[in-house]
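# Secondary and tertiary structure notes
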Amino acid sequence: MRPVSYSRVTDVATAIATVAADPTSAYLAGGTTKIDMLRIYAEPSQRLVDINALPIDHIEVQPDGAVRIGGLARMNDVALAPVVVDRFPVLSEALLLGASAQLRNMASMGGNMLQRVRCSYFRDAEASCNKREPGTGCGALSGVNRGHAVLGTSPHCIATHPSDAAVALVALDAMIHVQNSAGHHAVAIDDFFLLPGDTPEREHPLNHGDLITAIEVPALPAARNSLYLKVRDRESYEFALASAACALTVEDGVIAEVRLALGGVATKPWRARKAEHVLRGAPATRETFARAAAAEMADAVPQPMNAFKIELAQRTMIRALETLTARGAAS
Amino acid sequence: MTTAIGRPLDRVDGHAKVTGAGRYSAEIALPGLAHAVLVTSRIPSGRVELIDTYDAERAEGVLAVLHHLNLPKGGSVPPLLPSLFGAAASGQTFFPMQDEVIHYAGQHLAMVVAETLDQAEHAARLVRITYQETASITTVEQGRERAYEAEKIFAGFIPGRITRGDAAAALDRAQVTVENSYYCAANHHNPIECSATTAVWEGDRLTLYDATQGPNATLHTVAELLNVMPSHIRVVTNYVGGSFGCKAMIWDHPALAALAARAVHRPVRLALSREQMFSSVGHREEQEQRLTLGADRDGRLTAIRHHKLSPTSHFDDWAEPSLGVASQMYACPNYEGVYNLIKANTMTPTFTRCPGEASGMFVMETAMDELAERLDLDPLELRLRNYAETEPMTGHPWSSKGLRDCYRRGAELARWSERDPRPGTVRDGNWLLGWGMASSGYPVTPPGNPQRARARIFADGSAVVQSSFSDIGTGSATAMTQVAADGLGVPLERMRIQYGDSDLPNTAAAVGSAGAGMVSAAVHIAATALRDQLIAQAVADEHSPLHGTDPRQVAVSDGRMALRDRPGTGETYAELLQRAFMADAEALGTWNPPGMDTPYGTMTFGAQFAQVAVDPDLGLCRVRQLIGVFDPGRVLNRKTAHSQLMGGMLWGMSHALLEGTIMGPDGRWANASLGEYLVPVNADAPDVVVETIETTDTVVNPLGVKGVGEVGMVGTAAAIANAIWHATGRRHHRLPITIESLM
Ligand SMILES: Cc1cc2nc3c(=O)[nH]c(=O)nc-3n(C[C@H](O)[C@H](O)[C@H](O)COP(=O)(O)OP(=O)(O)OC[C@H]3O[C@@H](n4cnc5c(N)ncnc54)[C@H](O)[C@@H]3O)c2cc1C
Ligand code: SF4
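Residues numbered from 1 in each chain as written. Chains lettered and ligands numbered in written order. Predicted model: local features only at pLDDT ≥ 70, side-chain atom pairs only at ≥ 80, totals over all residues. Heavy atoms only, no water.

## Let's talk about the site of ligand 2
Heads up, the condition is: Here a residue counts as near a molecule or strand whenever at least one of its heavy atoms sits within 4 Å of it. Lys, Arg, Asp and Glu make up the charged group, whereas Ala, Val, Leu, Ile, Met, Phe, Trp, Tyr, Cys and Pro make up the nonpolar group; the residues left over, Gly among them, are polar.
Around ligand 2 sit 15 residues, and of these A:Cys119, A:Cys129, A:Cys138, A:Cys157 and A:Ile158 come closest. Tallied by class, residues from the shell around ligand 2 come to nine nonpolar, five polar and one charged.

Quick look at the structure:
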């Protein structure tokens, strides 16, 4: 492992000041991404500033029905919080279908948003990778790319965004709350994740030293009828080949409200706006679902080994929509 | 009289393992211990042009950087010989760091030795190698044009072409034929414990703590590689965290650890990283098989033609014997089997649990299912019509065969007769359900040399039995305690087994499912020899109540010798020894295994049944139930034997649905990590039903143990593939069967 230094901070201001002052430093939350990166030499040597003692791990219900999740709240705590289970089952399920119980007990929500891609060329410190070392090329383009993205790719990077929770949060229009030495601001989650374009090394708009203090999920009654469907080779402990976060309200056979986002197939947690557009106001039938899913994937770009994902993503969306339609009708 | 054998005794080493008290080979704490880390080749073919060690040598804690320019040369590389023979057992006839030539990606090019593991790992990253790359072949696809028919495979033991009768003519005349090509991805073993060796020199004497299936195999191999007398090497293997074949042969790292220790004059630990496990200890080769079955309309097989094509290394003609069991499973007069090879830039492939049996029987048993479909016959009925009453290649009788009972019991458990033969007819929500079956078999192979154990009893009646075998996690130490206790006639609590040390009486490596059979033979013979010796002493001792009695009439239980028909007449071992002022007594047991030419077919048989659920929209396949019934001969410990069989079946499921190492276009394994090489997790585990059929085998070894280590995996993949066909109507000829092929 890379040589590192380590210190612990107990208040937000010191945390920010410490990291902002040293360009080689970084926050350490659960460490389930960070330590990995240092072990495999995918990130440079660093001074680790342990933020686990910061008081930003609460899950609070706001007066307007929104839920504010602290940046250090653990994945399992969020997944099992009654308010999340009740109002945002899609988020609870996305969290519970991620990683393993042990990892979820360690891993924080802020860290989850900033986890790094699983692309094996990114993780192989000696392979060419534009994300890890801009300008060196993309090993995955001519390599093994079954798991890579078909949406939002660029000639410079095709890595899939790995987070499940972020897919649910993108469907829910969450806000990422950020604090730095200049103060506090919030970023809409869809703007938080950047497409690779020709700067795949830039994954989000945070500056060095910016701290994620909270993730706010606005009230959304439709989210009570929501789910996360994750398709993968094995039953657990694996990233998605395709996933769908979906919330749906059907009134008199017509889709009144829908939220749909995709994981496992795109370079960022992918809000399926084209599909939503087809769905909203249309009859809740398999035919509509198929049309919407096809519209979403119309611009998908397959790689040699992952063309199946274009079809799989559509079937995943259709299954999610059908399941929620049936559930809504039953309740 | 058996009291301990067969009981589901808890593992004797269980407590040490779960509490962490047991020290594995990479956990041996020694004063002055240094750590070695390997630097491996990025390219599959070419040369090291320049090796720049400047930064590495100056990094904190570094003691030495060793490579082809400064590594002291030793002895010679022994020939490739399966470790079951008990001699040197090099995994490939190549030893690295002798020159600048690169034969495969992952080849060991340099070794950094430092004070701590972290320092060695860091410095290893600082070694800069400039390569001169040349064209390479790393896959079947790339090498197809250069394939050649092997003269011999498997270290020369198996001919490249095997025939009986005239398959071509019989196929021409066959009323029905089924012909397909099959593909199986490469596999890696992935035991939880990565291979590791800790090496210590004391003068010219070497001790190796090595994670190995055979301490003696390590000893003999390292002796030849380093040109050190075998008498000067001791190999200790306290615990092994699984192997599945990757520790069956001896690779270069134990010798490298010894060379590093010699170079820095300190004990050195060399532990492979998980990634290095993919290119340091062999693999199951990627393979293509083409199988043609010919049959008459009643379903009787008339011909089998089975060809295999697979890549091997530049040094050795190795292919796992995929044709073996598949050629012995059914009565069929005409057979042709051929191994074709491609010289490739990979290391020599090696034993991987069910080496050949798993892949070959996947092919044979899915073809049989297809034949049954074509003939409109029940798949089980088809197998019964082709039941091999004698070993098909030689015509010899089987030493024992309980396969008919396995079929019957398996079918009963699976309620096979209630299955609707038409595919795609049973639904459960989004899931299509299917049931499939397959035959299973694994050969019983004797070791090449005598197997030994020593039994020693102390004056208080407690006893120890010693034998050098290593327990690779299967529970063999526990089973051997049971065998030893029964053989000597002492209670389990008074018996200790000492093992995992080449200084103890010789055994071959615990490989090929042969460990329990051969070690139990030696242990049984040693323990009963000591028993007989003590009985003889008692009978001869005029102070013994047994004086002058017929030794054949004396039985021992609970440490007490007594007349069978007058149990009141007798005395304990302790009384006998104490009276004679003897602190202990001991006996050596030697088992001379039957030769390879024994006129019997020897095999553990089984029948496998699977129930699967397939979601054809999403391409998901979930196995709901596996049922396996086997005839392993004598079961030494019901619990560990069932765990072995169950583990085998789960691996068979994994072989069918998950496992595959993918060769990247750059000639490197692309998914060399547990994150990307998928093995099943608990959530994938179905309901597994394991049963064994009582069979008595008087040929294979004294206790009639045929073995449970691997047979559980044979046929599982086919049973699953056949169940998928039954669920969906689609045949699958490629492993693993993944989402994209199920959609
Ligand atoms: C084996 C494995 C399987 C996994 N499977 C899944 C899965 O199926 N689905 C899924 O979604 N995820 C999965 N993960 C990823 C896991 O969810 C993330 O590693 C985890 O959420 C990261 O959180 P952490 O607290 O451990 O972050 P850390 O590792 O501590 O930090 C990650 C990064 O975020 C930065 N950081 C952390 N907190 C903050 C903050 N508050 N403000 C600013 N920067 C911060 C750190 O500096 C670092 O760069 C898996 C991980 C592993 C190791
Ligand atoms: S896909 Fe992206 S992360 Fe992967 S190698 Fe290419 S640039 Fe790097």
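Further notes follow.
## What to know about the interface of chain A and chain B
What counts, and what does not: Residues count as neighbours in contact if any of their non-hydrogen atoms are within 4.5 Å of one another. Defined here as a combined quantity, buried area equals the accessible surface (1.4 Å probe) lost by two parts on assembly, summed across both. Any carboxyl oxygen of Asp or Glu within 4 Å of a side-chain nitrogen of Lys or Arg constitutes a salt bridge here. Identification of polar contacts relies on pairs of N or O atoms within 3.5 Å, with a donor-acceptor requirement for protein atoms, meaning one able to donate a hydrogen and the other able to accept it, and with residues adjacent in sequence counted only if both atoms are side-chain atoms.
With 34 residues of chain A at the contact, the number on the chain B side is 30 residues. Interface of chain A and chain B: buried area, both sides summed, is about 2,700 Å²; carbon and sulfur atoms make up 54% of it. For the pair chain A and chain B, the interface holds seven salt bridges. The partner of A:Arg319 in a salt bridge is B:Asp617, and the shortest N-O contact between them spans 3.5 Å. Across the contact surface, chain A and chain B share 12 residue pairs in polar contact (both at pLDDT 80 or more). Each residue belonging to the side of chain A that touches chain B can be placed in one class, and the counts come to 14 nonpolar, five polar and 15 charged.

## With respect to helix α12 (residues 476-488) of chain B
Residue and element names in this part refer to chain B. Definition in use: Runs of E in the DSSP output that reach at least two residues are strands. Runs of H or I that reach at least four are helices, and both are numbered from the N terminus. Working rule for helices: expected span equals 1.5 Å times residues minus one. Three exposure classes are used, based on accessible area relative to the maximum for each residue type with a 1.4 Å probe and protein chains only: buried under 20%, partly exposed in between, and exposed over 50%.
Helix length check: α12 (13 residues) gives 18 Å between terminal C-alpha atoms against 18 Å at 1.5 Å per residue, within 8%. Counting buried residues in α12 gives 13 out of 13 residues, a clear majority hidden from the surface. Of the residues flanking the end of α12, it is Gly489, one or two places downstream, whose phi is positive at about 85°.

## Some details on the domain arrangement of chain A
Going by this rule: Start and end positions for the domains come from either an automated domain assignment or a database one.
Taken domain by domain, chain A consists of domain 1 (5-53) and domain 2 (225-330). Distance between the C-alpha centres of domain 1 of chain A and domain 2 of chain A: 37 Å.

## Notes on the packing of aromatic side chains
Residue and element names in this part refer to chain B. The following threshold applies: Here a pair means two rings of Phe, Tyr or Trp (six-membered ring of Trp) with centres within 6.5 Å. Their orientation is stacked below 30 degrees between planes, edge-to-face above 60, and tilted elsewhere.
Counted by the stated rule, this structure contains 16 aromatic pairs over all chains. Each ring, one from Tyr182 and one from Phe362, has its centre 6.2 Å from the other, and the planes form 85°; the classification is edge-to-face. Of the two residues, Tyr182 sits in strand β11 (residues 176-184) while Phe362 sits in helix α9 (residues 357-375), which places them 180 residues apart along the sequence. Comparing Tyr182 with Phe362, the two get one shared label, buried. Taking 5.0 Å as the distance between ring centres and 85° as the angle between the ring planes, the aromatic pair formed by Trp398 and Phe605 counts as edge-to-face. With a gap of 207 residues between them, Trp398 in the loop between α10 (379-385) and α11 (403-414) and Phe605 in strand β28 (residues 603-615) connect regions that are remote in the sequence.

## Some thoughts on the layout of surface pockets
Residues and elements named next belong to chain B. Applicable threshold: Method remark: on a 1 Å grid restricted to protein atoms, a set of points is classed as a cavity if a 1.4 Å probe fits but cannot get out and as a pocket if it is open with protein on both sides within 12 Å along at least five of seven lines; lining residues have an atom within 4 Å of a point. Grid points are joined across faces, edges and corners, and a volume is the space filled by probe spheres set on the points.
Approximately 1,300 Å³ is the volume attributed to the second largest pocket. Along the wall of the second largest pocket there are 49 residues; nearest its centre are Gln328, Pro443, Val444, Thr445 and Met596. For the lining of the second largest pocket, the secondary-structure elements that each account for two or more residues are β9 (158-159), α8 (324-328), β20 (431-443) and α13 (515-540). Residue composition of the lining of the second largest pocket, by class: 30 nonpolar, 15 polar and four charged. Each of domain 1 (356-361 + 392-445 + 600-743) and domain 2 (447-591) accounts for three or more of the residues forming the lining of the second largest pocket.

## Focus: the pairing of strand β6 (residues 175-180) of chain A
All names here are of chain A. Let me state the cut-off plainly: A pair of strands is labelled paired if DSSP reports no fewer than 2 bridges between them.
Direction of pairing for β6 relative to strand β7 (residues 183-188): antiparallel, over a ladder of six bridges. Along β7, the bridge assignment pairs Ile176 with Val187. Counting the residues between successive antiparallel strands, the hairpin from β6 to β7 contains two residues. Across five bridges, the pairing between β6 and strand β8 (residues 211-217) is antiparallel. Paired with Val178 across the two strands is Ile212, which belongs to β8.

## Here we look at the site of ligand 1
Residue and element names in this part refer to chain A. Where we set the bar: All accessibility values rest on the Shrake-Rupley procedure with a 1.4 Å probe; residue burial counts only the protein chains present in the view.
Residues in close proximity to ligand 1 total 29 residues, the closest being Tyr27, Gly31, Thr32, Thr33 and Ser108. At 2.8 Å from an oxygen atom of ligand 1 is found a main-chain nitrogen or oxygen belonging to Gly30. For ligand 1, whose accessible area on its own is 960 Å², the fraction buried by protein is 93%. Taken together, the residues of the shell around ligand 1 break down into 14 nonpolar, 10 polar and five charged. Residues lining the shell around ligand 1 come from more than one domain, with at least three contributed by each of domain 1 (5-53) and domain 2 (225-330).

## Examining the pattern of salt bridges
All names here are of chain A. One pass over the full model with this rule turns up 66 salt bridges over all chains. One salt bridge connects Arg132 with Glu133, and the closest N-O pair in it is separated by 3.4 Å. On the accessibility criterion, Glu133 (41% relative accessible area) is partly exposed. If you follow the salt bridges from partner to partner, you end up with Asp173, Glu257, Arg259, Arg271, Glu276 and Arg280 in one network.

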